[in-house]
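Chains, contacts and geometry: an overview
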Amino acid sequence: MQRLNGKETAQKIRTELKAKVSERKLRGSKTPHLAAILVGNDGGSLSYVTAKVQACEEIGFDSTLIRFDDTISEEALLLKVIELNKNESIDGFIVQLPLPKHIDETKVTDTISPNKDVDGFHPMNLGNMLLNLPGFLSATPAGIIELLKRYNIETSGKHCVIIGRSNIVGTPLSIMLSRNSNPGNCTVTLAHSRTQNLKELCLQADILIAAIGKPEFVTADMVKVGAVIIDVGTTRVDDNSRERGWRLVGDVKFAEVAPKTSFITPVPGGVGPMTIASLMMNTLKAMELNGK
Ligand code: GUN
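Notes on the structure in this doc start here. Here the structure is a predicted model, which means the values were calculated and not measured. (Residues numbered from 1 in each chain as written. Predicted model: local features only at pLDDT ≥ 70, side-chain atom pairs only at ≥ 80, totals over all residues. Heavy atoms only, no water.)

**Comments concerning the overall build of the chain**
Summing up its helical and strand segments, the chain has 10 helices and 11 strands in all. For 292 residues, the compact-globule formula gives about 19 Å, and the C-alpha radius of gyration of the chain, at 19 Å, lands near that figure. When the backbone C-alpha atoms are referred to their principal axes, the chain occupies close to 50 × 40 × 35 Å. In the chain, which comprises 292 residues, the proportion classed as buried is 50%. If you sum the accessible surface of the chain, you get close to 13700 Å²; carbon and sulfur atoms cover 50% of it. If the 34 positive side-chain charges of the chain are averaged to one point and the 32 negative ones to another, these points end up 4 Å apart. (Helix = DSSP H or I, 4+ residues; strand = E, 2+ residues; numbered from the N terminus. Rg over C-alpha atoms; globule rule 2.2 N^0.38 Å. Buried < 20%, exposed > 50% of the residue type's maximum accessible area, 1.4 Å probe, protein only. Areas by Shrake-Rupley, 256 points an atom, 1.4 Å probe, with all protein chains shown as cover. Lys, Arg positive; Asp, Glu negative; His and termini not counted. Charge placed at Lys NZ, Arg CZ, Asp CG, Glu CD.)

**As for the pattern of salt bridges**
Counting across every chain of the model gives 12 salt bridges. When the shortest N-O distance is used, the salt bridge between Glu23 and Arg27 registers 3.3 Å. Members of the salt-bridge network, linked through shared partners, are Glu16, Glu146 and Arg150. (Salt bridge = Lys/Arg side-chain N within 4 Å of Asp/Glu carboxyl O.)

**Quick notes on the packing of helix H2 (residues 43-59) against helix H10 (residues 271-289)**
Close contact between H2 and H10 brings their axes to 10 Å; oriented N to C, the two are set at 55°. Judged by the angle between their axes, H2 and H10 are oblique. Both H2 and H10 take part in a crossing whose hand is right-handed. The residues of H10 that touch H2, namely those facing Ala51, Lys52, Ala55, Cys56 and Ile59, are Ile276, Leu279 and Met280. (Axes fitted to C-alpha atoms, helices over the stretch in contact; angles between N-to-C directions. Parallel < 35°, antiparallel > 145°, perpendicular 65-115°, else oblique. Left-handed = near helix turned anticlockwise from the far one by under 90°. Contact = heavy atoms within 4.5 Å.)

**What to know about the packing of aromatic side chains**
Using the criterion set out here, one finds 1 aromatic pair in the structure. Look at Tyr151 and Phe263: their rings are 6.5 Å apart centre to centre, the planes differ by 65°, and that puts the pair in the edge-to-face class. Here Tyr151 is found in the loop between helix H6 (139-150) and strand E5 (159-163), whereas its partner Phe263 is found in strand E11 (residues 263-264), with 112 residues between them in sequence. For Tyr151, a relative accessible area of 19% corresponds to the buried category. A cation over an aromatic ring shows up here: Arg236 above the ring of Trp246, its NZ or CZ 3.7 Å from the ring centre. Positioned above the aromatic ring of Trp246, the side-chain terminus of Arg244 is 4.0 Å from the ring centre. (Phe/Tyr/Trp six-rings, centres within 6.5 Å; stacked < 30°, edge-to-face > 60°. Lys NZ or Arg CZ within 6 Å of the ring centre and 35° of its normal.)

**Describing the layout of surface pockets**
In this structure, the second largest pocket spans a volume of roughly 450 Å³. Taken together, 21 residues form the lining of the second largest pocket, with Leu137, Ala142, Glu146, Lys149 and Met281 sitting closest to its centre. Listing elements by their share of the lining of the second largest pocket, those giving two or more residues are helix H1 (6-26), H6 and H10. The element that contributes the greatest number of residues to the lining of the second largest pocket is H10, accounting for 6 residues. For the lining of the second largest pocket, the per-class residue count stands at 9 nonpolar, 4 polar and 8 charged. (1 Å grid on protein atoms, 1.4 Å probe; cavity = no way out; pocket = protein on both sides within 12 Å on 5 of 7 lines; lining within 4 Å. Points joined across faces, edges and corners; volume = space filled by probe spheres on them. Nonpolar A, V, L, I, M, F, W, Y, C, P; charged D, E, K, R; others polar.)

**Considering the site of the ligand**
In the vicinity of the ligand, the contacting residues are Lys52, Val95, Gln96, Leu97, Asp119 and Phe121. The side chain of Asp119 places a nitrogen or oxygen atom 2.6 Å from a nitrogen atom of the ligand. The fraction of the free accessible surface of the ligand (280 Å²) that becomes covered by protein chains is 83%. Classifying every residue of the shell around the ligand by side-chain character gives 3 nonpolar, 1 polar and 2 charged. (Near = heavy atom within 4 Å. Polar contact = N/O pair within 3.5 Å; in protein donor to acceptor, adjacent residues only side chain to side chain.)

**A few points about the nonpolar core**
Side chains that are nonpolar tend, in soluble globular proteins, to be buried together. Ranked by internal contacts, the top residues of the largest apolar core, which has 48 residues, are Ile209, Ile230 and Met280. Here this core takes 9 residues from H10, the largest share from any one element. Counting residues in hydrophobic clusters, the runner-up holds 18 residues, among them Ile37, Ile90, Phe93 and Ile103. (Core = buried A, V, L, I, M, F, W, Y, C linked by side-chain atoms within 4.5 Å.)

**A look at the sheet that holds strand E4 (residues 92-95)**
Judged by pairing direction, the sheet is parallel, and its 3 strands sit side by side in the order E3-E2-E4 without closing on themselves. One side of each edge strand has no neighbouring strand; the edge strands of this open sheet are strand E3 (62-68) and E4. Ignoring which end each strand starts from, the neighbouring axes of this sheet average 15° apart. For strand E2 (residues 33-39) and E4, the ladder comprises 4 bridges, and the chain directions are parallel. What sits directly across from Ala35, in E4, is Phe93. Along the sheet, H2 contacts E2, E3 and E4; its crossing angle with E3, the most-contacted strand, is approximately 160°. Most of the contacts of helix H3 (residues 74-86) go to E2, to which it runs at about 180°, and overall it touches E2, E3 and E4. (Pairing = 2+ DSSP bridges.)

Have a look at this one:
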């Protein structure tokens, strides 16, 4: 078993990006600028957004964090999005999800200019991804693809089972892994809450991707010997032995599953840091695409 070290890989990507940014700055080019909108005080969302801002600082990007109370109206949030679309100094921005119930997330993501949609959530970017045309790839699926690529994991012809059909992870990943590309060319099964015989399906997976947000859902009896396991789960569970009172738990029961696998991502330190690295890559790309 080998760990797919997302933390280390993401650090390499950050170093590469830092070098690119310094080189561009020397040539008098603009500094890439990422903005993030955070609504409310959810601890998980706050730590993700903070990590994104810190990554910008480390790489040498400019960053702007815009925070709103969770009582903000949908209209006011949409106005902020429109303002950021027009703001020439900002190359790309994200609105951290989930949003409060009274705000329509689809309306918000549809309002973000596709040229600044570094999360790759806009229908235009999702459509381009579907057709293998240029655009922004969603950060978490793109991070997983990059991790598979950097570890030279063979995907062509493999059976990949993805558990979870979210618009952010499972659905785009199912398309990216089945495309004629490398990594790609997988035979993909997209499993979800109505799937029957899930255990039997998972046992057929050469690559198993868990993205359902149910702590330790995937157990050893669901995993084929030698499989590659990607764990997208990051649920905070109470843990009084930790000073902060919680720990992050993935969707895979790591201790019992890991010995059966060829490669596995840990939580934390697997997919999470790769998501942030892809967001940074998308931000640099946004600046380049917008001709700056
Ligand atoms: N919530 C969970 N993952 C993500 C992400 O990648 N981007 C945004 N904007 N919100 C999220």
